[in-house]
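The lines below spell out each chain.
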Amino acid sequence: MLHYALIMLAAGLGIPVLAALNAALGQHIGSPAAAGVVLFAVAFAAALIYSVIRGPAALMLLPEAPKHLFLAGLLVAFYVLSITHVAPHFGIGNAVFFVLLGQLVSAAAIDHFGLFGAQVSPLTLMRAAGISVMALGVWITQLA
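Counting restarts for each chain, with residues numbered from 1 along the sequence as it is written. pLDDT decides what is reported in this predicted model: residues at 70 or higher carry local features, side-chain atom pairs at 80 or more are listed and counted, and totals for whole chains, interfaces and linings draw on all residues regardless. Note: side-chain values were computed over all heavy atoms of the structure, leaving out hydrogens and water.

Description of the overall build of the protein
(1) Moving on: Where helices and strands are cited, they refer to DSSP runs of H or I of at least four residues and of E of at least two residues respectively, numbered from the N terminus. Of the regular secondary structure elements, the protein holds five helices and zero strands.
(2) Moving on: Along its sequence from the N terminus, the protein presents helices and strands in the succession α-α-α-α-α.
(3) Moving on: Taking the principal axes of the C-alpha coordinates as reference, the protein spans close to 45 × 45 × 30 Å.
(4) Moving on: Each of the 144 residues in the protein was classed as buried or not, and the buried ones make up 14%.
(5) Moving on: Residue pairs at least 24 apart in sequence account for 53% of intrachain contacts in the protein once pairs closer than 6 positions are excluded.
(6) Moving on: Note that accessible areas follow from Shrake-Rupley with a 1.4 Å probe, and for residues the cover is restricted to the protein chains shown. As presented, the protein carries roughly 10200 Å² of accessible surface, and 79% of it is formed by carbon and sulfur atoms. Each residue gets one of three labels from its accessible area relative to the maximum for its type: buried under 20%, exposed over 50%, partly exposed in between, using a 1.4 Å probe on protein chains only. When checking whether two residues touch, look at their non-hydrogen atoms; a contact exists if any pair is within 4.5 Å.

Written out as structure tokens, the structure reads:
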């Protein structure tokens, strides 16, 4: 379990770095959309290489997958394009704080209802309080 936590910590550390780098690229070339295209091209190449190394047989099962599962790609595109556009104007910290707040609320709903096959984890008063504390923290950062 510790290795999963460390992997996700590394992913979390990378989100603001991704936002800052891609926002800077978008500013440098004058197009957040083009910066998003570059990001996705590099990400696609990395994912393809990883998939080939791990065993490309899984790619053959894609036609059998429920089509609604592919909407995840649209969500990641929305995230990358929106943070690339918004972060230079709103600040990396502010943008990531609101992303984090959205993640907490969405994750709580997904876990509470077991959506998309997730393990059910009811929204308790303690979890709701934690989300509320996070929301308060986001609001406080906006006042600063």
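Points about a nonpolar patch on the surface
(1) Moving on: Put simply, a patch holds well-exposed residues, over 30% relative accessible area, that have no salt bridge, with like charges counted together within 9 Å and Val, Leu, Ile, Met, Phe, Trp or Tyr side chains within 5 Å. Just to be clear on terms, a salt bridge is a Lys or Arg side-chain nitrogen sitting within 4 Å of an Asp or Glu carboxyl oxygen. Among the surface-exposed residues, F44, L48, V52, L59, L62 and F70 lie close enough to one another that they form a single nonpolar patch of about 540 Å² accessible area.
(2) Moving on: With respect to the secondary-structure elements, L62 resides in the loop between helix 2 (32-54) and helix 3 (71-90).

A word on the environment of H112
(1) Moving on: Along the chain, the position of H112 falls in helix 4 (residues 92-113).
(2) Moving on: Sequence separation between H112 and A23 is 89 residues; the distance between their C-alpha atoms is 34 Å.
(3) Moving on: Setting aside chain neighbours within four positions, we find H112 in contact with V120, S121, P122 and L123.
(4) Moving on: Within the structure, the side chain of H112 is placed 2.8 Å from the backbone nitrogen of L123, a separation counted as a polar contact. N or O atoms closer than or at 3.5 Å make up a polar contact, with two conditions inside protein: a donor-capable atom paired with an acceptor-capable one, and, for residues adjacent in sequence, both atoms drawn from side chains.

Describing the confidence of the model for the protein
(1) Moving on: pLDDT is a per-residue confidence score from the predictor, ranging from 0 to 100. Averaged over every residue, the pLDDT of the protein is 92; residues scoring 70 or more account for 100%.
(2) Moving on: The least confident element of the protein is helix 5 (residues 125-143), whose mean pLDDT is 87; the most confident is helix 2, at 96.

What to know about the packing of helix 1 (residues 2-29) against helix 2
(1) Moving on: Here an axis means a line fitted to C-alpha atoms, over the contact stretch when the element is a helix, while the angle between two N-to-C directions is reported on a 0 to 180 degree scale. With their axes 7 Å apart at the nearest point, helix 1 and helix 2 run at an angle of 125 degrees to one another. Between helix 1 and helix 2, the angle is such that the two are oblique. Judged by the sense of rotation from one axis to the other, the crossing of helix 1 with helix 2 is right-handed. Contacts between helix 1 and helix 2 involve L18, N22, L25, G26 and I29 on the former and, on the latter, P32, A34, A35, G36, V38 and L39.
(2) Moving on: Looking at the contact of helix 1 with helix 2 residue by residue, the class counts come to eight nonpolar, three polar and no charged. Roughly parallel means an angle under 35 degrees; roughly antiparallel, over 145; roughly perpendicular, 65 to 115; everything else is oblique. In a left-handed crossing the near helix is turned counterclockwise from the far helix by less than a right angle, and in a right-handed crossing that turn is clockwise. Only Asp, Glu, Lys and Arg are considered charged in this grouping, and only Ala, Val, Leu, Ile, Met, Phe, Trp, Tyr, Cys and Pro are considered nonpolar; every other residue, Gly among them, is considered polar.

Re the packing of aromatic side chains
(1) Moving on: Pairing of aromatic rings covers Phe, Tyr and the six-membered ring of Trp, with a centre-to-centre limit of 6.5 Å; geometry is then stacked below 30 degrees between planes, edge-to-face above 60, and tilted otherwise. Within this structure, the stated rule accounts for one aromatic pair.
(2) Moving on: Relative to F98, the ring of F90 lies with its centre 5.8 Å away and its plane at 35 degrees, an arrangement referred to as tilted.
(3) Moving on: Overall, the relative accessible area of 34% leaves F90 in the partly exposed class.

Overview of helix 5
(1) Moving on: Taking 1.5 Å of rise per residue, the 19 residues of helix 5 would be expected to cover 27 Å, and the 27 Å separating its terminal C-alpha atoms lies within 8% of that figure.
(2) Moving on: Considered for burial, the residues of helix 5 that qualify are I131, M134 and V138. All buried residues of helix 5 fall inside an arc of 55 degrees around its axis, so they share one side. In helix 5, the exposed positions angled more than 90 degrees off the buried face are occupied by L125, M126, V133, W139 and L143.
(3) Moving on: If you follow the buried residues of helix 5, they end up packed against helix 4. Given a helix with a known number of residues, its expected span is that number minus one, times 1.5 Å. The arc in question is the one traced by the directions running from the helix axis out to the C-beta atoms.

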